[in-house]
Structures are given as structure tokens and as C-alpha cells.
Amino acid sequence: MNTISCQILSVTPFNDSVYKVELKPETKFDFKAGQYLSVVMGEKDKRPFSIGSAPDSEHLELHIGAAVSESYPMQVVERLQTCLKDGTTIDIEAPAGQAHLRTESQRPRLLIAGGTGFSYIKSLVEHQINLGQNVDTLLYWGCRDQNAMYYESIARQWHDAHPWLHFVPVVEESQEDWQGKTANLLKQIEQDFVSLSGYDVYIAGRFDMVGAAREVFRTMGVEEEHLYGDAFAFIK
């Protein structure tokens, strides 16, 4: 991995608990769609976040869920806000992660995001679009409610613009005008699929959700060599 200084271009709230961060690296580096970087908070304090932009993007995009003041991610947001105000840079270490998009595969893809795990999925989808790939792709995004689905508009735009991509939004608490599924994300996937055999499955979200998903998917015939998620490296 490389240590790279980045200029902070913006720190913008999507809603009351998720921030969009845009960084401009001072040194260009190569990464694969679906990899992550670590924000260097101290010599032994490096905090990982998925890169939400595609590899050929000019800037790096992060989605940081920081619902509780003084929380682990909120400390990063506050450091970035201070750097933006002062005009100083932040160091990152990148790239990292093995759950990158397997662009050579023509197997149908199942992309699963829980909450801000959507940043990981966004990089995968935008890279597919940039490559002109038309591999059949199902995208499931699960959130607490519609307000938490902070980038719903872009996911629906992908759905409308690309016949090969089908977006399934899932919330646990819905309003009357909700246009999507109302369920637990994993329960919805269990209901919609007889088997996951034959799919390349990419997943990101809270570690407990990803761990539970693996157990569910094993009962659905997933081929684990085609199950990709960097969380698995931490939840053996």
C-alpha cells in the first residue's frame, strides 16, 4: 500500500447520519473497483472506508456513516472538516482489499449493500458502466427506512438507464408511497432466490450483517469462491 496525501474537496451530509467526502490525491495511484483505503488518524490508528468512486474517476469518494457524536467514524468526519477549513491535507493508505470486481467473469452478479455498504457497490456498478459491460446484475440495497437510503436516486437512475441492471430497494420501515420492498434484507433475498449457485455475489455492510449473510447464503448453495466481501477477512 502507498501513503498518499489528499486534499479535502468537500464534506457534505447526505442526511443526518451519512456524509459524502471527496478527496483529491496529490499522487495518482491505481486501484480496482471495490477496494478500500484507510484514513490515517495516527501512526497506529488507520480507519478503513470503501472507495465509492470508479478507478478512472478524478476524485476519491467516501460515504461515512456517523450517526453518533464522538463515534469512531464521526471522529474521522470532524478531522476532515477541520482539514477542509484549514486547507490542510489528510494522509490515506491505499489501495487495500481483495473483494474487487472480477471484470473477466460473465456470471450473473448479485450486489448486496447494507447501509453505507452502498459505497462499495457504487464503485462496482460505475466501473461496469465505464467498461461498457452488460453482465446481468441484481442490486439489493437494504436500509432502515427511505431516508437512510441516501443515494436512492442514483441507484434508480442506473436501473432505468441500463437494461442489464435491476435495482431492488429494501427498507425495514416504509411509508405509504414507498416504491420498493419492506422486509429484512436477508429475508428478502431468501424469498427472491431459490439458489445462489452460478452467481458472483458481492456484499458490503456491517460486519454482523455480512457474517449472517454468509451463513444464510451457504444454505442457498452459494459457491464461496465466488462470494466477495472484505469483511470476511475480519470475521473468520
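Described in the following lines is the structure provided in the data block. What you see is a predicted model; the values in this text were computed from it and never measured.

## Observations concerning the overall build of the protein
No. 1: Counting its secondary structure elements, the protein contains five helices and twelve strands.
No. 2: Taking 18 Å as the expected radius of gyration for a compact globule of 236 residues, we find that the protein reaches 17 Å, a close match to that expectation.
No. 3: C-alpha atoms of the protein, sized along the principal axes, occupy 55 × 40 × 35 Å.
No. 4: Split into buried and exposed, the 236 residues of the protein put 54% on the buried side.
No. 5: Put simply, 68% of the contacts in the protein that link residues at least 6 apart link residues at least 24 apart.

## Here we look at the sheet that holds strand β3 (residues 36–42)
Either a parallel or an antiparallel arrangement is found when strands of a sheet pair, and the pairing is made through backbone hydrogen bonds.
No. 1: Pairing is antiparallel across the open sheet formed by six strands, whose spatial order is β4-β3-β6-β1-β2-β5. Unpaired on one side and paired on the other, β4 (45–50) and β5 (60–65) mark the two borders of the sheet. When the angles between neighbouring strand axes are averaged without regard to direction, this sheet yields 40 degrees.
No. 2: Two elements, β3 and β4, share six bridges in a ladder whose sense is antiparallel. In the strand pairing of β4, valine 39 is matched with arginine 47.
No. 3: Sheet contacts for helix α1 (residues 72–86): β1 (2–13), β2 (18–25), β3, β4, β5 and β6 (89–96); angle to β1, the most-contacted strand, approximately 90 degrees.
No. 4: In the packing of helix α2 (residues 118–131) onto the sheet, the strands contacted are β4 and β5, and the crossing angle to β5 comes to about 155 degrees.

## Details of the packing of aromatic side chains
Geometrically, a pair of aromatic rings is defined through the distance of the ring centres and the angle of the planes.
No. 1: The final tally for this structure, using the stated rule, is 13 aromatic pairs.
No. 2: Centre to centre, the rings of phenylalanine 118 and tryptophan 158 are 5.7 Å apart; their planes meet at 20 degrees, and the pair counts as stacked. Taken together, the positions of phenylalanine 118 in helix α2 and tryptophan 158 in helix α3 (residues 152–161) put the pair 40 residues apart, joining distant regions of the chain.
No. 3: For phenylalanine 118, a relative accessible area of 0% corresponds to the buried category.
No. 4: Between tryptophan 141 and tyrosine 150, the ring centres sit 5.3 Å apart and the planes meet at 85 degrees, which makes this aromatic pair edge-to-face. Comparing tryptophan 141 with tyrosine 150, the two get one shared label, buried.
No. 5: In textbook terms, an aromatic cluster arises when at least three aromatic residues are bridged by ring pairs, as seen for Phe14, Phe118, Trp141, Tyr150, Tyr151 and Trp158.
No. 6: A cation over a ring is seen here: arginine 47 above tyrosine 72, with NZ or CZ 4.3 Å from the ring centre.
No. 7: The cationic tip of arginine 156 hangs over the ring face of tryptophan 178; the distance from NZ or CZ to the ring centre is 5.8 Å.

## Here we look at unusual backbone geometry
No. 1: Put simply, alanine 94 and proline 95 share a cis peptide bond, and its omega is -5 degrees.
No. 2: Inspection of the secondary structure assignment puts proline 95 in strand β6.

## As for the packing of α2 against α3
No. 1: It is at 12 Å that the axes of α2 and α3 come closest, and there the two elements cross at 30 degrees. The angle between α2 and α3 places the two elements in the roughly parallel class. Crossing angle aside, the handedness with which α2 passes α3 is left-handed. Contacts from Phe118, Lys122, Val125, Glu126 and Ile129 in α2 reach Ile154, Ala155 and Trp158 in α3.
No. 2: Split into classes, the residues belonging to the contact of α2 with α3 amount to six nonpolar, no polar and two charged.

Parameters at a glance
Residues numbered from 1 in each chain as written. Predicted model: local features only at pLDDT ≥ 70, side-chain atom pairs only at ≥ 80, totals over all residues. Heavy atoms only, no water. Helix = DSSP H or I, 4+ residues; strand = E, 2+ residues; numbered from the N terminus. Rg over C-alpha atoms; globule rule 2.2 N^0.38 Å. Buried < 20%, exposed > 50% of the residue type's maximum accessible area, 1.4 Å probe, protein only. Contact = heavy atoms within 4.5 Å. Pairing = 2+ DSSP bridges. Axes fitted to C-alpha atoms, helices over the stretch in contact; angles between N-to-C directions. Phe/Tyr/Trp six-rings, centres within 6.5 Å; stacked < 30°, edge-to-face > 60°. Lys NZ or Arg CZ within 6 Å of the ring centre and 35° of its normal. Parallel < 35°, antiparallel > 145°, perpendicular 65-115°, else oblique. Left-handed = near helix turned anticlockwise from the far one by under 90°. Nonpolar A, V, L, I, M, F, W, Y, C, P; charged D, E, K, R; others polar.

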